[in-house]
Structure formats: structure tokens, C-alpha cells
Amino acid sequence: MWRVDLGGVGGHGGPVGQEEVRHGVAMSNLDQPLFDGAEATKRDLIDYLEAVGERLVAVLRDRPLSVVRIRPGQPAFMQKNLPKYTPEWVRRVTVWAESSRREISYALCDDVRTLLWFGNQRAVEYHPTLLPADHALGPTHLVLDLDPSPGQTFRHAADAAKLIRTALANDGLAGAVKTSGAKGVHVFVPVEPGTPVEDAAAATRAIAARAERLDPDLATTAFIKEDRAGKVFLDSTRAGGATVVAAYSPRIRPGTPVSFPLTWSQLDEVTPTDFTLRPALTRLADRDPWRTEMPAPQRLPDDLIAEGHTIPVARVQAMHEGKRRARARRAGADTPPSG
């Protein structure tokens, strides 16, 4: 059960003595490097978040949010539970985490002020859940995460995305595409409200399997890395309460690239390094391509759902296969050599 807290009206963005204030949030240390290899300062991050503001908030609104933060000289870390010093005006939702047997207080980033407060906390990456806070509405999108194998490039992921697009079109569906901010590509398929989580997950598996059949030399649905044979992994496991990096979110990667929305025709023209903080803003101007390129919500065809329910859940199948292989290795080690 998820419990939503609307928040109050007080609070502040950090300790006193700040350099400047943005949208009511006091900022600090804006001219420090963002992280090693970022080629950007914290000010660059805040400038970007402020400029992209409502477009990023539209992707995050009403969704439990995890962020990836990075402090100077320390490794990046993912933050789910809000810290105690979070301003009371930040909306939040309380989620029971079965794995850790405790409640987690997630932020709901519903306005630019909250976004800039996170930026001032050096939150670089923004990972909302596929389920909204009112999880009774069901997932809003299917997500296919296309991940190149070592030695492959973004171009291979782009070609795999075209397989996904063809598989969707063969069943009367359409999706929107964006860079992951690394070497990969994300395809989002909007679905009508009320779609059961299990059916959405099944349909995602079926789309990946159909795309794999279109070109098995390029793409694979093999969850275990050693089974991918240098192919693009069509990851169909982003379902239910899973998260995925938001469109317009920066990434903690060299140069600070952005997960950037594309038209399908742009897949052949760009690379992820085209979309670091400053160039991304120049390319965007006042446009919102994630909104304009996203199809209307669609009903999932019965045949797609039915096929997906015959496909094992990848993580579960991989877990069992891993245990089987471990037993086989142990058995082989215990077998004395012949001769």
C-alpha cells in the first residue's frame, strides 16, 4: 500500500549563507566541478535543470522517484528514501518495501522547486517508477531497454530499436525512442490506463521475443551476459514498480550526457555524446520532443499478451539457470579425471 503525503508550505533548500536562490531554493557551491570527468560544474547542472524544468517535471510528476547523487571525491549512490533534512514542502509517497521489510519515503517531484532542490543536493540522475503513485491506475508505458554488448556501439542499439519498432507496428502499436544517456536506447510504448501489471510485463516480453526473431544475429533476449554472444540485449524486465532513467535526465558519465528524446529518423544521425548538458539545451530550445513524439495510449492486443504469458520471466529463469550451472560446475569439479 502506498500512502501519499501532500507536504506543507515551509522548509528551505539547505543551510544558510548560500550564493544565490533559484525558484525559492538556496543554492551552494555552484562553481565546484560536478564530478570527475563531468566537464561541467554544479552550476551547469542547475542551469540545465532550471531550463528544462517543466519538461522534466512532466516525466517525473506523481511517480515515486529515486535519484543518483554524487558528492565530491565519493562514488555515486542511488537514493530512494528521503533524508530527514528534506524540506516539508517536498511531496512524498510512503511505500512498503517487501525485500527490506520497511517503509520507504519516496519523493514525488511535482514542481521545478523540488527538482532544483534535488539538483542542489547533487542529484544528477532521475529514475521514476513506471507505476504512478496511485498504482491502481496500472503502468503507463511498456519499456524496452536496448543494451549493446561490449565491443558494440550506439549504432547497434539503434538498429535493435528499429527491430522493436517493426515488431510493434506488426501488431498495430507505436512507441517513442530516446537515448539512455549511455550507449543504449529506450523505447517507450504508452498503454491505456488500467492495464494489469502482469499483462504489461507479458506484452513487453513478447515484443522483445518478436524483435529477436526478426534478426537473431543482431539482438538477443538472453538475460545471462555470457549467453549474449556479442549481441544487443533486448531487456524486457522493466515492468511493475521498476524504474528507468527519465527523458531529459542527465547521467553520471564522462561529459555528463543526457537521456535525450529522438525522432525515429534521428537514430541514424546521432550519438549519445551529441547530448551533453549545454548542447542538449541548444538542441531542445523551447521544444518538448518527448511529449510531441509520444503516441497516444494504446490497448495491448490479446495475442501479444497471450504470447508473453508463455515466456518465462527473465530474472527468475536466469536465477534458476545460474543455480543449475553452479551445481554442474561443482559436480564437474568433484569428478575425478579419467585414465
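Here, every reference points to the structure presented above.
Predicted model, so just to flag it, every value in this text is computed and none were measured.

Novice: So what's going on with the pattern of salt bridges? Which residues, and what values?
Specialist: Scanning the entire structure with this criterion turns up 20 salt bridges. The salt bridge involving R61 is made with E54; its shortest N-O contact spans 3.7 Å. Taken together, the shared-partner salt bridges connect E20, R22, D31, R43, D47 and E50 into one network.

Novice: Got a sec to walk through empty space enclosed by the protein? Specific residues and values, please.
Specialist: Applying the stated criterion to the full structure yields one cavity of 30 Å³ or more. Put simply, the largest cavity is a space of about 50 Å³. Lining of the largest cavity is provided by L130, P139, H141, L142, V197, A200, A201, T204, R238, A239 and G240. A per-element tally of the lining of the largest cavity places helix α4 (residues 197–214) first, with four residues.

Novice: Which residues make up the packing of helix α1 (residues 42–60) against helix α2 (residues 112–120), and what values do they have?
Specialist: Contact geometry of α1 with α2 gives a least axis separation of 9 Å together with a crossing angle of 140°. For the pair α1 and α2, the crossing hand works out as right-handed. Facing K42, L45, I46, L49, E50, G53, E54, L56, V57 and L60 of α1, the residues of α2 in contact are V112, L115, L116, G119 and N120. Within the contact of α1 with α2, the residues separate by chemical class into nine nonpolar, three polar and three charged.

Definitions and cut-offs
Residues numbered from 1 in each chain as written. Predicted model: local features only at pLDDT ≥ 70, side-chain atom pairs only at ≥ 80, totals over all residues. Heavy atoms only, no water. Salt bridge = Lys/Arg side-chain N within 4 Å of Asp/Glu carboxyl O. 1 Å grid on protein atoms, 1.4 Å probe; cavity = no way out; pocket = protein on both sides within 12 Å on 5 of 7 lines; lining within 4 Å. Points joined across faces, edges and corners; volume = space filled by probe spheres on them. Helix = DSSP H or I, 4+ residues; strand = E, 2+ residues; numbered from the N terminus. Axes fitted to C-alpha atoms, helices over the stretch in contact; angles between N-to-C directions. Left-handed = near helix turned anticlockwise from the far one by under 90°. Contact = heavy atoms within 4.5 Å. Nonpolar A, V, L, I, M, F, W, Y, C, P; charged D, E, K, R; others polar.

Function-wise, these values are silent; they only describe arrangement.
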